[in-house]
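# A look at the structure
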Amino acid sequence: MPDTDLSAEITRRLHAVQARIHAAEARFNRPTGSVQLLAVSKRQPLAKLMAAQAAGQHAFGESYAQEGVEKQQALGSAQMMEWHFIGRVQSNKTRLIAEHFDWVHGLVSADHARRLGAQRPPERGPLQVCVQINFSGEMSKAGISPEQAAELCALIEHIPNVQLQGLMTLPAPNADFAAQRRPFAALRALRDQLSTATRPLPMLSMGMSADLEAAIAEGATMVRVGTALFGERAPA
Ligand SMILES: *Cc1c(COP(=O)(O)O)cnc(C)c1O
């Protein structure tokens, strides 16, 4: 595909996803603009990220630290770019993540949070983090159980250079809208239960290409959208 076709295609897809988000905000009485779009660009070619960036998208999500850093270097920091690490955190990758990303969505251990905080360059400000919750029947094994969340949040709250922003979940695909809503409702309820005056937990990172409407209905503040924006990914 020539580059102009690719830009037109990505711009059209971006506008379509934005329209879905705005329609869901309106339908479920969410304030306009209350749901942010994270463009999930893992295993997508650089040309597609550049097209999305040119079309005004500035927040990108990557699941592999090294791949994410290479893309950051290629795209540059001109347009207030924001990079979110949404993959599984591994101990040998915490430095790369702490030095190069703005957000981490899938935090599951206090040990990882301590490493990230210790390795965070102070001039970058605190790393923004979400704790990943695994309700039953998830597609990946990542995430802690809801019962473990209070203890982990309390530990993370006191780690320097790490700012706990909220919760994230990644449910198994389900074609039924009511069924899609259930884990999202559970995540919001858990957030409401865990938030305190000193720890408001404003971020609910939930919803993907196939279920973003259900997530917005239940209070998502950020949807993580890959396929609907960029098309099918290269195999892992
Ligand atoms: C890949 C991925 C997504 C995007 O999924 P799509 O179905 O392509 O929109 C969202 N969140 C996480 C954590 C992912 O790994």
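Residues numbered from 1 in each chain as written. Predicted model: local features only at pLDDT ≥ 70, side-chain atom pairs only at ≥ 80, totals over all residues. Heavy atoms only, no water.

### Side note on the site of the ligand
Around the ligand, the structure places Val40, Lys42, Ser63, Ile86, Met168, Met208, Ser209, Arg224, Val225, Gly226, Thr227 and Arg233. Here an oxygen atom of the ligand sits 2.6 Å away from a polar atom, N or O, in the side chain of Lys42. Here Thr227 contributes a side-chain N or O atom positioned 2.4 Å from an oxygen atom of the ligand. For the ligand, the accessible surface in isolation is 390 Å², of which the surrounding protein chains cover 88%. Most atoms of the ligand, that is more than half of them, are within 2 Å of grid points of the largest pocket. Across the shell around the ligand, the residue classes tally to five nonpolar, four polar and three charged. (Near = heavy atom within 4 Å. Polar contact = N/O pair within 3.5 Å; in protein donor to acceptor, adjacent residues only side chain to side chain. Areas by Shrake-Rupley, 256 points an atom, 1.4 Å probe, with all protein chains shown as cover. 1 Å grid on protein atoms, 1.4 Å probe; cavity = no way out; pocket = protein on both sides within 12 Å on 5 of 7 lines; lining within 4 Å. Sits in = over half its atoms within 2 Å of the grid points. Nonpolar A, V, L, I, M, F, W, Y, C, P; charged D, E, K, R; others polar.)

### Some words on the pattern of salt bridges
As enumerated under the stated definition, the model contains eleven salt bridges in all. Between Lys71 and Glu67 there is a salt bridge whose closest N-O contact spans 2.6 Å. Taken together, the residues span about one helical turn, with Lys71 and Glu67 both in helix α3 (residues 65–75) at a distance of four residues. Residue classification places Lys71 among the buried residues on the basis of a relative accessible area of 7%. (Salt bridge = Lys/Arg side-chain N within 4 Å of Asp/Glu carboxyl O. Helix = DSSP H or I, 4+ residues; strand = E, 2+ residues; numbered from the N terminus. Buried < 20%, exposed > 50% of the residue type's maximum accessible area, 1.4 Å probe, protein only.)

### Focus: the layout of surface pockets
When its volume is computed, the largest pocket comes out at roughly 700 Å³. Lining the largest pocket are 32 residues, with Lys42, Ser63, Ile86, Leu170 and Met208 positioned closest to its centre. Of all the secondary structure elements, the ones that give two or more residues to the lining of the largest pocket are α3 and β8 (222–225). Each residue belonging to the lining of the largest pocket can be placed in one class, and the counts come to 15 nonpolar, eleven polar and six charged. Considered as a void within the structure, the second largest pocket measures approximately 200 Å³ in volume. Gln18, Val35, Gln36, Leu37 and Gln57 are, among the 14 residues lining the second largest pocket, the residues nearest its centre. Going through the elements one at a time, α1 (3–27) and β1 (36–40) are the ones with two or more residues in the lining of the second largest pocket. Among the elements that take part in the lining of the second largest pocket, α1 stands out by supplying four residues, more than any other. Taken together, the residues of the lining of the second largest pocket break down into five nonpolar, seven polar and two charged. (Points joined across faces, edges and corners; volume = space filled by probe spheres on them.)

### Observations regarding the pairing of strand β4 (residues 103–107)
In terms of burial, β4 is largely enclosed, as five of its five residues are buried. Bridging between strand β3 (residues 82–85) and β4 involves two bridges; their strand directions are parallel. Bridge assignment links Phe85 to a residue of β4, and that residue is Val104. You can see the chain leave β3, run along helix α4 (residues 94–100) and come back into β4, and the turn it takes is right-handed. Both β4 and strand β5 (residues 127–132) contribute to a ladder of three bridges, which runs parallel. If you follow Leu107 over to β5, its bridge partner there is Val131. The parallel pair β4 and β5, bridged by helix α5 (residues 110–119), forms a crossover whose chirality is right-handed. (Pairing = 2+ DSSP bridges. Right-handed = clockwise from strand over helix to strand, strands pointing away.)

Functional significance is not addressed by these values, which are geometric in nature.
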